[in-house]
Amino acid sequence: MRARPKREATAVISCADPSGTCRALPDTGVASGTPANGISRSGTPCPWIWLPLRRVSGRSPRKRGYRHPVTGRLVIFSGPSGVGKDTVLDAWRLRNPLVQRVVAATTRAPRPGEVDGVDYHFLTREAFLNKANCNEMLEFKEVFGNLYGTPVEGMERLLAEGKVAILKIDVQGGLEVMAKRPGAVTVFLLPPSKAELEDRLRARSTDDPEDIEVRLKAAHTELAIGTTCYEHLVLNVEVDRTVDELEAILNG
Ligand code: 5GP
């Protein structure tokens, strides 16, 4: 009999939040040295356990007042810039066609190869704020000097179609959605190490050096909040394994 390959690098770490401090975190003041590796919550090492999750967005059809056959699942998917969120999402989508990213809106200029309506809805600041004022965004945040927001309509459509609707958003947006949609599955993608994250960001030719420095600084805060407040921490070492872990979370 062949020995089963050892599970290593890619891991799902499900953390309970015994202190219940997540929701009370200030916007930026939590970067109190929570390490990227050696993940901890309130200074206590997280238990490496599987947390069975079967959360379905929407209300039970048996409940009174039920209107929409909402059967999809909402996933808040965050991670520091350069950790590989897009690559992982592309691979996850190929593996599981139900997985679809909610196309966010942004005021940032398109990068080479990015397509309006596919990668983002690229809007002027004025158009963006108009939509936000009309409550068309579930949340919106200023990230790296640009506005990013989650269009409610796009998200609800995917959920009504029974899809796994992925919100690829920053941690501040993630915290807001957690409060508004407590049934959402929360996943934070971790780099193998801070050094590797730096290498990946620098290797990316899409950002200018100044932008890279800003993103590196922001990564510290993202890691501190992500490792504290997200239910599932997934180490992204090898894309296929990462997708295995994400599928396991969905099916857990
Ligand atoms: P990028 O410019 O690299 O595509 O994205 C920059 C950051 O904005 C990433 O951390 C990404 O997750 C975040 N982001 C993208 N869309 C949204 C959104 O709709 N809401 C929020 N809050 N952040 C977003």
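Presented here is a report on the structure given in the accompanying data block.

### Topic: the overall build of the chain
When helices and strands are tallied, the chain shows 7 helices and 12 strands. When the 252 residues of the chain are sorted by exposure, 47% land in the buried category. Considering only intrachain contacts with a sequence separation of at least 6, the fraction spanning at least 24 residues in the chain is 71%. In the structure as shown, the chain presents an accessible area of about 13,400 Å², 53% of it carried by carbon and sulfur atoms.

### Points about the packing of aromatic side chains
Applying the stated rule across the entire model yields 5 aromatic pairs. The structure contains a cluster of three or more aromatic residues connected by ring pairs, namely Tyr120, Phe122 and Tyr148. The ring centre of Tyr120 lies 5.3 Å from the NZ or CZ of Arg101, which sits over that ring.

### Observations concerning the site of the ligand
Close contacts around the ligand come from 16 residues, with Arg108, Tyr120, Glu139, Tyr148 and Asp170 the closest. Within the backbone of Gly149, a nitrogen or oxygen atom sits 3.0 Å from an oxygen atom of the ligand. Here Thr150 contributes a backbone N or O atom positioned 3.4 Å from an oxygen atom of the ligand. In the complex, 97% of the free accessible area of the ligand, which totals 510 Å², lies under the protein chains. At the level of secondary structure, the elements contributing two or more residues to the shell around the ligand comprise strand S8 (137–143) and strand S9 (146–151). In terms of residue class, the shell around the ligand is built from 5 nonpolar, 3 polar and 8 charged.

How each quantity is defined
- Residues numbered from 1 in each chain as written.
- Predicted model: local features only at pLDDT ≥ 70, side-chain atom pairs only at ≥ 80, totals over all residues.
- Heavy atoms only, no water.
- Helix = DSSP H or I, 4+ residues; strand = E, 2+ residues; numbered from the N terminus.
- Buried < 20%, exposed > 50% of the residue type's maximum accessible area, 1.4 Å probe, protein only.
- Contact = heavy atoms within 4.5 Å.
- Areas by Shrake-Rupley, 256 points an atom, 1.4 Å probe, with all protein chains shown as cover.
- Phe/Tyr/Trp six-rings, centres within 6.5 Å; stacked < 30°, edge-to-face > 60°.
- Lys NZ or Arg CZ within 6 Å of the ring centre and 35° of its normal.
- Near = heavy atom within 4 Å.
- Polar contact = N/O pair within 3.5 Å; in protein donor to acceptor, adjacent residues only side chain to side chain.
- Nonpolar A, V, L, I, M, F, W, Y, C, P; charged D, E, K, R; others polar.

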